[in-house]
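Letter by letter, the chains look like this.
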Amino acid sequence: MAVLNQNNYHDEQNKQNILKMRAVLDTLPSFCRTFFRGIEEYTSARTRLAYAYDLRLFFEFLHERNAVCGKMEIRDYPLSLLDQITRMDIEEYLEYMSLYQKEGREITNEERGKSRKLAALRSFYNYFYQSELISSNPASLVSMPKLHEKEIIRLEPNEVSILLDQVEDGTRLTKKELEYHKKTRIRDVALLTLLLGTGIRVSECVGLDLQDVNFDVCGIKVRRKGGYEAVVYFGDEVETALLDYLEERDHVIPMEGHESALFLSLQNRRITVRAVENLVKKYASRVTTLKKITPHKLRSTYGTSLYQETGDIYLVADVLGHKDVNTTRKHYAAQQDERRRRAAQYVRLREEPSGREKH
């Protein structure tokens, strides 16, 4: 009988991405396979799949909008075609990505979406240009879209308290939701307390196995982006919530292949990312209607609280699993600015003379 452990869970996700990748590659020009083999060593299957989807969009655009390309099947495009693409072609592609129709759906991309698509094209062109297989690199001539800083959406401390109270008692849930709440309350409390108390990603959370929880050190072993493992530590509130849940979990008979999963669905299978997203949305909508709260926003809530308490951006980066501290600094720039503003009031150059009025 096969038993899934955490490694196998993530390996299974990689397998699915590889299978999807093969299906996309069958729709792309054959020379694309050379590119993906070339970047395999330093990219994840998920990243390569995202690149493949973006490149397919680019070639579909050329097929639809370019008179020469429209005469050939996309799969038959030669590598020499890349030398015929101009800077203007790529700029027109990015403009087209702002709003287009696909399979009857209207799809839009703002600056971030277009930046990702241009980044995929730049990587694609760089690979062939540096390999001296093409003579021009028009993608490098196109400026990246200017990104506007987005406000960090997070829960305030009082909202965190209300959210957890709501998960505990479910007073604002509908009658139908309350029926499910009776069955999942202890699990939901443990899951949301863990997300809010550690800042782990939702993918890391659903990948947890029973043996990944170590109460001797109050830590959990997670698989980070990039495939490396790390131990994330938790406090008393998380410990209590997990112990309560595990007491209930001991009486559940999981489906075959899901015996080691920490968090189970009502079908006694490993809970999915989508299920966690839905339960966060359900409870958060009872706390605030002004903020769209997702599992990632709970991560932002934790990161903000940790930074406000410690002022240590390197610690926050380490705990959140950011490889580059600049990623963390970018996300919490608003908090840094606020600290700098407060710093202006800390140092007094001269004592105020007694009785002197401030103007």
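Residues numbered from 1 in each chain as written. Predicted model: local features only at pLDDT ≥ 70, side-chain atom pairs only at ≥ 80, totals over all residues. Heavy atoms only, no water.

Trainee: What is the right way to look at the sheet that holds strand 3 (residues 213–214) in this model?
Mentor: For sheets, the rule is that strands pair by backbone hydrogen bonds, running either parallel or antiparallel. The sheet built from 3 strands is open, its strands ordered 3-4-5 with antiparallel pairing. A strand with exactly one partner marks an edge of an open sheet, and here the two such strands are strand 3 and strand 5 (229–233). In this sheet, strand 5 lies alongside strand 4 (residues 219–223) in antiparallel orientation, the contact comprising 5 bridges. Directly across from Lys 221, in strand 5, lies its bridge partner Val 231. (Pairing = 2+ DSSP bridges. Helix = DSSP H or I, 4+ residues; strand = E, 2+ residues; numbered from the N terminus.)

Trainee: Would you mind showing me how to read the confidence of the model for the protein here?
Mentor: Regions with low pLDDT should not have their predicted coordinates read in detail. Per-residue pLDDT for the protein averages 88, and the proportion of residues at 70 or more is 89%. Across residues 1–7 the pLDDT falls below 50, and counting only partners more than four positions away or on other chains, this stretch makes 23 contacts in the model. (pLDDT = per-residue confidence, 0-100. Contact = heavy atoms within 4.5 Å.)

Trainee: Help me understand helix 12 (residues 295–310), please; the structure alone is not making it clear to me.
Mentor: Since the α-helix advances by 3.6 residues per turn, residues separated by three or four positions end up pointing in the same direction. For helix 12, built from 16 residues, the straight-helix expectation of 22 Å at 1.5 Å per residue is met to within 8% by its first-to-last C-alpha distance of 23 Å. Considered for burial, the residues of helix 12 that qualify are Pro 295, Leu 298, Arg 299, Ser 300, Thr 301, Tyr 302, Gly 303, Thr 304, Leu 306 and Tyr 307. Looking one or two residues beyond helix 12, the residue adopting positive phi is Gly 311, at roughly 70°. (Expected span 1.5 Å × (residues − 1). Buried < 20%, exposed > 50% of the residue type's maximum accessible area, 1.4 Å probe, protein only.)

Trainee: Hey, could you run me through the environment of Glu 111 in this one?
Mentor: Position of Glu 111 relative to the elements: it lies in helix 6 (residues 111–130). The exposure class assigned to Glu 111 is partly exposed, which follows from its relative accessible area of 29%. Between the C-alpha atoms of Glu 111 and Leu 147, which are 36 residues apart in sequence, the distance is 5.9 Å.

Trainee: Would you mind going over helix 3 (residues 45–65) with me for this structure?
Mentor: Helix length check: helix 3, at 21 residues, gives a terminal C-alpha distance of 30 Å against a target of 30 Å (1.5 Å per residue), a fit within 8%. Of all the residues in helix 3, the buried ones are Ala 45, Arg 48, Leu 49, Tyr 51, Ala 52, Asp 54, Leu 55, Leu 57, Phe 58, Phe 59, Phe 61 and Leu 62.

Trainee: Quick question: what am I supposed to make of the pattern of salt bridges here?
Mentor: It is possible for side chains bearing opposite charge to pair when their charged atoms get close. Counted under the stated rule, the structure contains 14 salt bridges. Residue Glu 60 is joined to Lys 102 by a salt bridge in which the shortest nitrogen-to-oxygen separation is 3.2 Å. One end of the pair, Glu 60, is in helix 3; the other, Lys 102, is in strand 1 (residues 99–102), with 42 residues separating them in the sequence. Accessibility expressed as a relative area gives 29% for Glu 60, which makes it partly exposed. Under the relative-accessibility criterion, Lys 102 is labelled partly exposed at 24%. Among the ionic pairs, Glu 204 bridges to Arg 201, the shortest N-O distance being 2.8 Å. (Salt bridge = Lys/Arg side-chain N within 4 Å of Asp/Glu carboxyl O.)

Trainee: For this particular structure, what's the right way to read the nonpolar core?
Mentor: Generally speaking, soluble globular proteins have nonpolar side chains that are buried together. Within the largest apolar cluster, 42 residues are counted, with the highest numbers of intra-cluster contacts made by Leu 163, Leu 191, Leu 194, Ile 200, Ile 220 and Phe 263. Broken down by secondary-structure element, the contributors of at least two residues to this core are helix 7 (157–169), helix 8 (175–198), helix 9 (202–206), strand 4, helix 10 (236–249) and helix 11 (273–284). Setting aside its immediate chain neighbours within four residues, Leu 163 contacts Leu 155, Leu 192, Leu 196, Tyr 283, Ala 284, Val 287 and Leu 298. Counting 40 residues, the second largest nonpolar core, distinct from the first, contains Phe 31, Cys 69, Leu 82 and Tyr 96. (Core = buried A, V, L, I, M, F, W, Y, C linked by side-chain atoms within 4.5 Å.)

Trainee: Explain the environment of Val 142 to me, please; I cannot follow it from the model alone.
Mentor: In this structure, Val 142 sits in the loop between helix 6 and helix 7. Each C-alpha atom, one on Val 142 and one on Arg 122, is 9.0 Å from the other, the two residues being 20 residues apart in sequence. Apart from the residues lying within four places of it in its own chain, the contact partners of Val 142 are Arg 87, Ile 90, Glu 91, Leu 94, Leu 118 and Arg 122.

Trainee: Looking at this structure, how should I read the pairing of strand 4?
Mentor: The side chains of a regular strand alternate, first on one face of the sheet and then on the other. Burial within strand 4 is extensive, with 4 of its 5 residues counted as buried. Examined bridge by bridge, strand 3 and strand 4 share 2 bridges and lie antiparallel to one another. Paired with Asn 214 across the two strands is Gly 219, which belongs to strand 4. Here strand 4 folds back onto strand 5, and the loop between the two strands holds 5 residues, one of which, Gly 226, carries a positive phi near 95°.

Trainee: I tried to follow the packing of aromatic side chains on my own but got confused; where do I start?
Mentor: In this description, an aromatic ring pair is defined by two values, namely the gap between the centres and the angle between the planes. Scanning all chains against the criterion turns up 19 aromatic pairs. With 5.2 Å between their ring centres and 80° between their planes, Tyr 127 and Phe 128 make a pair best called edge-to-face. Relative accessible area serves as the criterion here: at 22%, Tyr 127 is assigned to the partly exposed category. Note on Phe 128: relative accessible area 1%, which makes it buried. (Phe/Tyr/Trp six-rings, centres within 6.5 Å; stacked < 30°, edge-to-face > 60°.)

Trainee: Teacher, can you tell me more about unusual backbone geometry here?
Mentor: Keep in mind that most residues, glycine aside, have a negative phi and that most peptide bonds are trans. Not every positive phi belongs to a glycine, and Glu 103 is a case in point at roughly 50°. Assignment of secondary structure puts Glu 103 in the loop between strand 1 and strand 2 (105–108). A positive phi angle, near 55°, is found at Cys 218, a position not held by glycine. Relative to the helices and strands, Cys 218 resides in the loop between strand 3 and strand 4.

Trainee: What is the right way to look at the packing of helix 8 against helix 11 in this model?
Mentor: In a pair of packed helices, the angle between the axes and the distance between the axes together describe the arrangement. Contact geometry of helix 8 with helix 11 gives a least axis separation of 11 Å together with a crossing angle of 100°. Of the possible angle classes, the one that applies to helix 8 and helix 11 is roughly perpendicular. Along its contact with helix 8, which presents Glu 177, His 181, Thr 184, Arg 187, Asp 188, Leu 191, Leu 192 and Leu 195, the element helix 11 presents Val 276, Leu 279, Val 280, Lys 282 and Tyr 283. Of the residues belonging to the contact of helix 8 with helix 11, the class tally is 7 nonpolar, 2 polar and 4 charged. (Axes fitted to C-alpha atoms, helices over the stretch in contact; angles between N-to-C directions. Parallel < 35°, antiparallel > 145°, perpendicular 65-115°, else oblique. Nonpolar A, V, L, I, M, F, W, Y, C, P; charged D, E, K, R; others polar.)

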